[in-house]
Amino acid sequence: RQDMFLLVSSLLVRVTPMPRRITIAGSGPAGLSVAINLAKAGFDVHVYERNVEVGQRFHGDLQGLENWSRKVDVLEDLARMNIDVNFECDPFRTLTITNGDLTHDIKGQRPHCYLVKRGAMSGSLDQGLKQQALAAGVQLHLHQALPIEQTDIVATGPRLGEVFAVDAGIVFKTSLPDMAVGVLHDPGAWKGYGYLLVTKGYGCLCVMLFEQFPEAHHCLQETRRLLEQKYRLNIRDPHDVGGIGSWRNRPQWEDRGRQLVGEASGLQDFLWGFGIRNAITSGWLAAQSIITGQSYARLADAHFSRRLKAGLVNRWLWHLASRRNYRSVIQILRLIPNPPGLLRSFYNFNPFQRLCWPLAERRIRRQYPQLAW
């Protein structure tokens, strides 16, 4: 009986296929989204990260998991994509918009966004995703840069030659109450916006520029001056933060058999740069394509193509709105009974955007010649 058992065991080992090995370059939200889903499906997943820790390119920045582009709440969306909320995630239902002269509070029945912390510290989105990946069985290789030609999935973040926005700011301790304030004021953020986010005594004051990147430090000081007039910021123990965003009009989903996810593919929110939800979704779609044998390019195009066109039109409209220091944006928001519903419409290529598309594409091509068209 023992001999028979050993013989059957030997045969089973020979016929049982080994898990397929998948290698991923980059451990951001997109890369770890792929890794978690593939590992849970039984794949042998290896993630290579050139930095010494997951999330190291961030330094405690507060960022938003946007919750306005789709009817499904983003936390429900994450659960559908096998992502748990094991990181700090604070809902904000009121967003204050100001250009220095006009101010308006946008209130919603559900959160406009959920604030998350980025970086290598405890409680961050990055560390939460790392813990989930390790628990799923992902092999994480830190401080190891794998050549792209040896990878199956590229999730290496922004493409340096295709930068459309620069973010600069500070994080700090403060006695301010929780708040989310958007500043629409070109001297404080050219063709972009500034923002003040505070949660649990932790603040983040940044500017997002879409033009004149060398002016970032000056813009930050201008935005800080404007906010100091409205709030007693009480900034303590400040630290610099910042980053860049890259975008493509037509994302590159595949390259010689490799899948590109997140900003490595050129995927971003061209209006404001809220890219976390898109990054995680692209990673989930890439994983589904491998699990089911479907085309990743087709899945990604079906999900993102209309939203990417909407983003281009929105960027053109934002340039037009800047001519009167964004007064028209605030005035429209004051008149609209359901601003989140209007914003969702403008993230999904509504009829007005389809009408604007040909003109908007020509104008934005000239405005951003450095991007891949």
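Coordinates for the structure precede this section.
Because the structure is predicted, anything quoted here is derived from the model rather than measured.

**Student:** Outline the overall build of the protein chain, supporting the account with residue identities and numerical values.
**Tutor:** A count of helical and extended segments in the protein chain gives ten helices and 16 strands. Compactness check: the protein chain gives a C-alpha radius of gyration of 22 Å against a globular reference of 21 Å for 373 residues, within 12% of the reference. Taking the principal axes of the C-alpha coordinates as reference, the protein chain spans close to 85 × 50 × 40 Å. In the protein chain, the proportion of contacts linking residues at least 24 apart, taken out of those at least 6 apart, comes to 74%.

**Student:** How would you sum up the nonpolar core? Please name residues and give values.
**Tutor:** In this structure, Ile-24, Leu-38, Val-45 and Leu-65 are the most contacted members of the largest nonpolar core, which totals 88 residues. When residues of this core are assigned to their parent elements, the largest contribution, eleven residues, is made by helix α7 (residues 296-321). Not counting chain neighbours up to four residues away, the residues in contact with Val-45 comprise Ile-22, Ile-24, Ala-35, Leu-38, Ala-39, Val-138 and Gln-139. With 20 residues, the next largest nonpolar core counts Met-179, Val-183, Leu-209 and Leu-233 among its residues.

**Student:** With reference to specific residues and values, describe the packing of aromatic side chains.
**Tutor:** Following the criterion strictly, the structure yields 15 aromatic pairs and no others. On the basis of an interplanar angle of 65 degrees and a centroid distance of 6.3 Å, the ring pair of Trp-68 and Tyr-347 is categorised as edge-to-face. With a gap of 279 residues between them, Trp-68 in the loop between β3 (62-66) and α3 (74-80) and Tyr-347 in the loop between α9 (339-346) and α10 (351-367) connect regions that are remote in the sequence. Relative accessible area serves as the criterion here: at 8%, Trp-68 is assigned to the buried category. Considering the side-chain rings of Phe-164 and Phe-270, the 5.2 Å spacing of their centres and the 80 degrees angle between planes classify their relative orientation as edge-to-face. Of this pair, Phe-164 sits in strand β10 (residues 163-173) while Phe-270 sits in the loop between β16 (258-260) and α6 (276-292), placing them 106 residues apart in sequence. Side by side, Phe-164 and Phe-270 carry an identical accessibility label, which is buried.

**Student:** Pulling in residues and values, what's your account of the packing of α6 against α7?
**Tutor:** Viewed as axis vectors pointing N to C, α6 and α7 meet at an angle of 145 degrees, and their least axial separation amounts to 9 Å. Relative to α7, α6 is oriented so that their crossing is right-handed. Contacts between α6 and α7 involve Asn-278, Thr-281, Ser-282, Leu-285, Ala-286 and Ser-289 on the former and, on the latter, Tyr-296, Leu-299, Ala-300, His-303 and Phe-304. Across the contact of α6 with α7, the residue classes break down as six nonpolar, five polar and no charged.

**Student:** Give me the sheet that holds strand β8 (residues 139-142): which residues, what numbers.
**Tutor:** Spatial strand order, β8-β2-β1-β9-β16-β15: six strands in an open sheet with mixed pairing. Across the chains shown, the open sheet's two edge strands, defined by having one partner strand only, are β8 and β15 (254-255). In the sheet, strand β1 (residues 21-25) pairs with strand β2 (residues 44-49) via five bridges, with the strands oriented parallel. Following the sheet pairing, Ala-25 is matched in β2 by Tyr-48.

**Student:** Describe empty space enclosed by the protein, and please don't skip the residues or the numbers.
**Tutor:** One pass over the structure, following the stated rule, counts one cavity of 30 Å³ or more. Space inside the largest cavity adds up to approximately 140 Å³. Together, 16 residues line the largest cavity, and Gln-268, Asp-269, Asn-278, Arg-307 and Tyr-347 are the ones closest to its centre. It is α7 that provides the largest number of residues to the lining of the largest cavity, a total of five residues. Looking at the lining of the largest cavity residue by residue, the class counts come to seven nonpolar, five polar and four charged.

**Student:** For the state of the cysteines, give the residues involved together with the corresponding values.
**Tutor:** Summed over the entire model, instances satisfying the criterion amount to zero disulfides. Note on Cys-204: no disulfide assigned, nearest cysteine sulfur contributed by Cys-206 at a separation of 3.6 Å. Accessibility expressed as a relative area gives 0% for Cys-204, which makes it buried.

**Student:** Please give an account of the environment of Arg-93 that cites residues and values.
**Tutor:** Within the element layout of this structure, Arg-93 appears in the loop between β4 (90-92) and β5 (94-98). As for Arg-93 and Leu-260, which are separated by 167 residues in sequence, their C-alpha atoms are 34 Å apart. Ignoring any residue separated from it by four or fewer positions in sequence, one finds Arg-93 in contact with Ile-106, Lys-107, Gly-108, Gln-109, Arg-110, Pro-111 and His-112. Side-chain polar atoms of Arg-93 contact the backbone oxygen of Gln-109, separated by 3.4 Å.

**Student:** Which residues make up the pairing of strand β13 (residues 202-209), and what values do they have?
**Tutor:** Taken across its eight residues, β13 has seven buried, putting it largely inside the fold. Two elements, strand β12 (residues 193-199) and β13, share seven bridges in a ladder whose sense is antiparallel. In the strand pairing of β13, Gly-194 is matched with Val-207. The antiparallel pairing of β12 with β13 creates a hairpin that spans two residues between the two strands, and Lys-200 there sits at a positive phi of about 55 degrees.

**Student:** Pulling in residues and values, what's your account of a positive patch on the surface?
**Tutor:** Where like charges cluster on the molecular surface, the positive patch consists of Arg-323, Arg-362, Arg-363 and Arg-366. You can see Arg-363 is positioned in helix α10.

**Student:** An account of the pattern of salt bridges is needed here, citing residue identities and associated values.
**Tutor:** Summed over all chains, the structure comprises 14 salt bridges. With its nearest N and O atoms 2.7 Å apart, the salt bridge here joins Arg-80 to Asp-77. Here Arg-80 and its partner Asp-77 are both found in helix α3, three residues apart, which amounts to about one turn of the helix. Among the salt bridges present, the one from Glu-228 reaches Arg-224, with a minimum N-O distance of 3.9 Å. With a gap of four residues between them, Glu-228 and Arg-224 both fall in helix α5 (residues 216-230), about one helical turn apart. Residue classification places Glu-228 among the partly exposed positions, given a relative accessible area of 37%. When salt bridges with common partners are traced through the structure, they connect Arg-70, Asp-77, Arg-80 and Arg-277 into a single cluster.

Conventions we followed
Residues numbered from 1 in each chain as written. Predicted model: local features only at pLDDT ≥ 70, side-chain atom pairs only at ≥ 80, totals over all residues. Heavy atoms only, no water. Helix = DSSP H or I, 4+ residues; strand = E, 2+ residues; numbered from the N terminus. Rg over C-alpha atoms; globule rule 2.2 N^0.38 Å. Contact = heavy atoms within 4.5 Å. Core = buried A, V, L, I, M, F, W, Y, C linked by side-chain atoms within 4.5 Å. Buried < 20%, exposed > 50% of the residue type's maximum accessible area, 1.4 Å probe, protein only. Phe/Tyr/Trp six-rings, centres within 6.5 Å; stacked < 30°, edge-to-face > 60°. Axes fitted to C-alpha atoms, helices over the stretch in contact; angles between N-to-C directions. Left-handed = near helix turned anticlockwise from the far one by under 90°. Nonpolar A, V, L, I, M, F, W, Y, C, P; charged D, E, K, R; others polar. Pairing = 2+ DSSP bridges. 1 Å grid on protein atoms, 1.4 Å probe; cavity = no way out; pocket = protein on both sides within 12 Å on 5 of 7 lines; lining within 4 Å. Points joined across faces, edges and corners; volume = space filled by probe spheres on them. Disulfide = S-S within 2.5 Å. Polar contact = N/O pair within 3.5 Å; in protein donor to acceptor, adjacent residues only side chain to side chain. Patch = residues over 30% accessible without salt bridge, like charges linked within 9 Å, V, L, I, M, F, W, Y side chains within 5 Å. Areas by Shrake-Rupley, 256 points an atom, 1.4 Å probe, with all protein chains shown as cover. Salt bridge = Lys/Arg side-chain N within 4 Å of Asp/Glu carboxyl O. Lys, Arg positive; Asp, Glu negative; His and termini not counted. Charge placed at Lys NZ, Arg CZ, Asp CG, Glu CD.

Function cannot be read off these values alone, since they describe shape.
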